Amino acid sequence: PKDKDTHGWVADIARSLRAMGRRPIVVDGGGGDVSRALGVTTRRDLIELLRGEETFDDVAQVSDDGVYVIRAGQGIDAFVASGAPGRDLLNGFARLSHAFDVLLLVMPTSELACLAGPRDTVPVIGFSAGGPDIANAYLIVKNLCLSFGYSRFSLVVHDAQSHQQAVLEHSRFAMAARAFLNVEISLVGWTPMRSANAADHLCDMALRRVADALLRSSVAASSLH
């Protein structure tokens, strides 16, 4: 999905992590939608850092919420093409003096697989309750399973009307994935639809629960395309 609303939940998770005292960095390897959802616009790209043309602080941007974001539309492609181990790039972020403790990878499935393999990675899949993006989420799972060998996934159901609806959406999705792909999908949390009937503080509480669950389950990556 390319629309801002679909990517907005990742930005919200990053903000919640920051509000919880964590230091997340978002590596936006897509079209920049997550960056825009965080209110960050930049023409700089990770490739300039990899080439030694710019420093990290020249390339990265910081949202008003204190979330660091680095665009990686070109940089991830170049790194994958270089054949270097994905762990080299991930460790590079860990070694920065900024003390980042959460890395959110947002990128196409093929690039995700090159950086974080199925042995130690549980991709996060998100879709809106009852929304058309459920089909696309299934295609993501199918691609990662059949093409790259992933067998475990985590799911965040957003825009749900209740916990019961989120559980039902997860049950249906997980059952289909298990039956046709033989993969396991766990529900790590859900977020309510933002409306006049859903107070902001309730949405914030739900997002913090999701962020906390993701941390406790040691989920390693997020794939959106």
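What counts, and where the lines are drawn
Residues numbered from 1 in each chain as written. Predicted model: local features only at pLDDT ≥ 70, side-chain atom pairs only at ≥ 80, totals over all residues. Heavy atoms only, no water. Helix = DSSP H or I, 4+ residues; strand = E, 2+ residues; numbered from the N terminus. Buried < 20%, exposed > 50% of the residue type's maximum accessible area, 1.4 Å probe, protein only. Contact = heavy atoms within 4.5 Å. Areas by Shrake-Rupley, 256 points an atom, 1.4 Å probe, with all protein chains shown as cover. pLDDT = per-residue confidence, 0-100. Salt bridge = Lys/Arg side-chain N within 4 Å of Asp/Glu carboxyl O. Polar contact = N/O pair within 3.5 Å; in protein donor to acceptor, adjacent residues only side chain to side chain. Arc of directions from axis to C-beta. Lys, Arg positive; Asp, Glu negative; His and termini not counted. Pairing = 2+ DSSP bridges. Phe/Tyr/Trp six-rings, centres within 6.5 Å; stacked < 30°, edge-to-face > 60°. Axes fitted to C-alpha atoms, helices over the stretch in contact; angles between N-to-C directions. Left-handed = near helix turned anticlockwise from the far one by under 90°. Nonpolar A, V, L, I, M, F, W, Y, C, P; charged D, E, K, R; others polar.

The subject of this paragraph is the overall build of the chain. Along the backbone of the chain there are ten helices and eight strands. Counting the 225 residues in the chain, one finds 49% classified as buried. Taking as baseline every contact in the chain between residues at least 6 positions apart, the subset at least 24 positions apart corresponds to 75%. Carbon and sulfur atoms make up 50% of the accessible area of the chain, which totals about 10700 Å².

This part takes up the confidence of the model for the chain. Residues of the chain with pLDDT of at least 70 account for 89%, and the chain-wide mean is 85. Across residues 1–6 the pLDDT falls below 50, and counting only partners more than four positions away or on other chains, this stretch makes ten contacts in the model. Counting contacts from residues 221–225, a segment whose pLDDT is below 50, to residues more than four positions away or on other chains yields 36 contacts.

Per the stated rule, a full pass over the model turns up eight salt bridges. Among the salt bridges present, the one from Glu54 reaches Arg44, with a minimum N-O distance of 3.0 Å. Within this pair, whereas Glu54 is found in the loop between helix 3 (46–50) and helix 4 (56–59), its partner Arg44 is found in the loop between helix 2 (33–37) and helix 3, the two being separated by ten residues in sequence. The exposure class assigned to Arg44 is partly exposed, which follows from its relative accessible area of 34%.

We now examine the side chain of Asp133. You can see Asp133 is positioned in helix 8 (residues 133–148). One polar contact links the side chain of Asp133 to the main-chain amide nitrogen of Ser128, over a distance of 3.0 Å.

Gly86, Leu89, Leu90 and Phe93 are the residues of helix 6 (residues 86–94) that are buried. Angularly, the buried residues of helix 6 cover 95° about the axis, an arc narrow enough to put them on a single face.

Time to look at unusual backbone geometry. The phi torsion at Asp159 lies on the positive side, around 60°, for a residue other than glycine. Its place among the elements puts Asp159 in strand 6 (residues 152–160). Asp159 gets classed as partly exposed once you look at its relative accessible area, which sits at 29%.

As a further point, take the side chain of Arg71. With respect to the element layout, Arg71 can be found in strand 3 (residues 68–71). Of the buried charged residues, Arg71 lacks a salt bridge, with Asp28 as the closest side chain of opposite charge at 4.6 Å. Those residues in contact with Arg71 that lie beyond four places of it in its chain are Asp28, Gly31, Gly32, Ser35, Thr42, Arg44, Asp45 and Leu46.

Next up on the list: the pairing of strand 4 (residues 102–107). With five of six residues buried, strand 4 lies mostly within the body of the structure. Pairing of strand 1 (residues 24–28) with strand 4 involves five bridges; the strand directions are parallel. In the strand pairing of strand 4, Pro24 is matched with Val102.

A separate point is the packing of aromatic side chains. Aromatic rings in a pair are described by how distant their centres are and how their planes are angled relative to each other. What the rule picks out here adds up to six aromatic pairs. Here a set of aromatic residues connected by ring pairs shows up, and it is made of Phe56, Tyr68 and Phe100.

Contact geometry of helix 8 with helix 9 (residues 163–181) gives a least axis separation of 11 Å together with a crossing angle of 35°. Both helix 8 and helix 9 take part in a crossing whose hand is right-handed. Residues Ile134, Ala137, Tyr138, Val141, Lys142, Cys145 and Leu146 of helix 8 form the contact with helix 9, whose participating residues are Glu169, Phe173, Ala176, Ala177, Phe180 and Leu181. Of the residues that constitute the contact of helix 8 with helix 9, the class distribution is eleven nonpolar, no polar and two charged.

Once that is clear, we can look at the environment of Glu54. Given a relative accessible area of 21%, Glu54 falls into the partly exposed group. Residues Glu54 and Arg44 lie ten residues apart in sequence; the distance between their C-alpha atoms is 9.0 Å. Discounting chain neighbours no more than four positions away, the residues touching Glu54 are Arg44, Glu48, Leu49 and Val59. Engagement of the side chain of Glu54 in a polar contact is seen with the side chain of Arg44, the distance being 3.0 Å.

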